[in-house]
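# Chain and residue survey
If you want the building blocks of each chain, they are given just below.
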Amino acid sequence: MVEAFLGIQIVAVSFAGFMLYVAFMHYKRNNIKRTEFLFWLTVWLAFAYFVLFPKVLDPILANLFIVRAMDLLSITAFMILAYLGFQNHVGIKSLQKDMEKMVRKKALENPNGKKK
Amino acid sequence: MKIFLVIPAFNEQGRLEKVISKAQKYIPGKNIIVVDDGSRTPVRLSGVIVLRHVVNLGKGAAMKTGADYAFGQNADAVIFMDSDGQHDPTELPKFVTHLSSGYDLVFGSRRMPLQTPIVRLLGNKTASIYINLVFGIYVSDILSGFRAITKKAYLVVKWVSPRYGVETEMVARLGKHKNRLKYIEFPIETIYIDKYKGLTIIDAVKIFVSSIWWKLF
């Protein structure tokens, strides 16, 4: 049981390290701003800290009636994913709408490809 | 009555030329609009109006571009026809007759021949029954793209679906305003060309989800 739990910890910390690397690469390529990088740095460092030292979460676990720290982290991760998923959905919808408007406008202004 | 023919096209240059030459016997070329919906090789045709989407937006968006252009040219009505040759242009005069008789929407409903794949047949009938239950309107071939619409009806049922949901959405919106618009359907012949074309099960699920939205708003 203890070995399995340690295994989860290793996987979780490795994943946090990988996500930090991805965030850093995007920061270096100017795909995300410094503040955004610092936000993700904080998120993944905090995640790794809670995974390695789950006891610090005990007071919160007791208040929320959650048995294991990993459960709390899983619930939090799911909530963040749901939020990001919705944000992506709204963002893509908005981009699609803008693109459709632009493409249709260009087609209507330019019958038979007259304008170059 | 000034009637335009709108043909949305995506990678159909070969079949499209035959479709156009047949359609020109019934609708003058200056009233035929081909909307090239981002084909890999841009559509090149003479004697008709070609509007090009620089990227593929979907059939619904292409139909809307064609209709907007036609009504911008003071058309009274537009007829939509597929570009792959599955619709017979000899049916065009029947649409003109029905539009001239005062109908706002005219649906060409395909007779399902015996060799129609069972999945397609069941899917089509299920869609018709579902739309009838939810929107109170029955069109026997809800997914047929061969249909006509007047300017008055276009303003009422103007769709938002950019892709294959367009046909169903048009009927659903008509169902919500059926007291304001006159509609008719008549049987048409269909030539099945490619069994891998058209609506997929994933499209059908998306349309089902969207229909709840159309009902609410």
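Before going further, it helps to spend a moment on the overall build of chain A. Scanning chain A from N- to C-terminus turns up four helices and zero strands. When the helices and strands of chain A are listed from N to C terminus, the series reads α-α-α-α. Across its three principal directions, the C-alpha atoms of chain A cover 75 × 35 × 25 Å. Counting only residues that meet the buried cut, chain A has 7% of its 116 residues in that class. Residue pairs in contact within chain A that sit at least 24 positions apart in sequence constitute 41% of those at least 6 positions apart.

Before going further, it helps to examine the packing of helix α4 (residues 69-109) of chain A against helix α2 (residues 59-72) of chain B. Look at α4 of chain A against α2 of chain B: their axes get within 10 Å of each other, and the N-to-C directions meet at 40 degrees. Between α4 of chain A and α2 of chain B, the crossing angle belongs to the class labelled oblique. Note that α4 of chain A runs across α2 of chain B; the crossing there is right-handed. Contacts between α4 of chain A and α2 of chain B pair E100, R104, A107 and L108 of chain A from the former with A61, T65, D68 and Y69 of chain B from the latter. For the contact of α4 of chain A with α2 of chain B, the per-class residue count stands at four nonpolar, one polar and three charged.

Before going further, it helps to spend a moment on the domain arrangement of chain A. Residue and element names in this part refer to chain A. What the domain assignment reports for chain A is domain 1 (1-52) and domain 2 (56-109). Using only C-alpha atoms to locate each centre, domain 1 and domain 2 end up separated by 18 Å. Across the boundary between the two partners, domain 1 contributes four residues, which contact five residues of domain 2. For the side of domain 1 that touches domain 2, the element with the most residues is helix α2 (residues 34-52), which contributes three residues. Class assignment for the residues of the side of domain 1 that touches domain 2 results in four nonpolar, no polar and no charged.

Here the focus is the sheet that holds strand β6 (residues 147-150) of chain B. Residues and elements named next belong to chain B. Strand order in the open sheet formed by seven strands is β3-β2-β1-β4-β6-β5-β7, with mixed pairing between adjacent strands. Across the chains shown, the open sheet's two edge strands, defined by having one partner strand only, are β3 (49-53) and β7 (183-188). Shown here is a sheet whose adjacent strand axes are inclined to one another by a mean of 20 degrees, direction ignored. Pairing geometry for strand β5 (residues 105-110) and β7, over six bridges, is parallel. Bridge pairing in β7 places L105 opposite Y183.

This part takes up helix α3 (residues 92-100) of chain B. Residues and elements named next belong to chain B. Within the sequence span of α3, burial applies to L92, F95, H98 and L99. Summarising the axial view, the buried residues of α3 lie within an arc of 125 degrees, below the 170-degree limit, and thus occupy one face. For α3, exposure combined with an orientation more than 90 degrees from the buried face picks out P93, T97 and S100. Packed against the buried residues of α3 are β1 (3-9), α1 (13-23), β4 (77-80), β5, β6 and β7. Once α3 finishes, G102 follows within two positions and takes phi at roughly 105 degrees, a positive value.

Residue and element names in this part refer to chain B. At a closest axis distance of 9 Å, the pairing of helix α4 (residues 118-135) and helix α6 (residues 166-176) adopts a crossing angle of 30 degrees. Between α4 and α6, the angle is such that the two are roughly parallel. Relative to α6, α4 is oriented so that their crossing is right-handed. Seen from α4, the contacting residues are A127, I131 and F135; seen from α6, they are T168, V171, A172, G175 and K176.

This brings us to the interface of chain B and chain A. By convention, interface size is frequently given as the accessible area that disappears when the constituent parts associate. Contacts between the two partners involve 13 residues from chain B, matched on the other side by nine residues from chain A. Contributing elements (two or more residues each) for the side of chain B that touches chain A: β3 and α2 of chain B. Broken down by element, the side of chain B that touches chain A gets its largest block of residues, five residues, from β3 of chain B. Here the side of chain B that touches chain A is composed, by residue class, of nine nonpolar, two polar and two charged.

A word on the pairing of β4 of chain B. Residue and element names in this part refer to chain B. Of the two faces of β4, the one holding A77 and I79 and the one holding V78 and F80 are both buried throughout. With four bridges connecting them, β1 and β4 associate as parallel partners. In the strand pairing of β4, I3 is matched with A77. As paired elements, β4 and β6 share four bridges and run antiparallel to each other. Bridge assignment links F80 to a residue of β6, and that residue is R147.

Definitions and limits used
Residues numbered from 1 in each chain as written. Chains lettered and ligands numbered in written order. Predicted model: local features only at pLDDT ≥ 70, side-chain atom pairs only at ≥ 80, totals over all residues. Helix = DSSP H or I, 4+ residues; strand = E, 2+ residues; numbered from the N terminus. Buried ≥ 20, exposed ≤ 12 C-beta atoms within 10 Å, placed from the backbone. Contact = placed C-beta atoms within 7 Å. Axes fitted to C-alpha atoms, helices over the stretch in contact; angles between N-to-C directions. Parallel < 35°, antiparallel > 145°, perpendicular 65-115°, else oblique. Left-handed = near helix turned anticlockwise from the far one by under 90°. Nonpolar A, V, L, I, M, F, W, Y, C, P; charged D, E, K, R; others polar. Domains from an automatic or database assignment. Pairing = 2+ DSSP bridges. Arc of directions from axis to C-beta.

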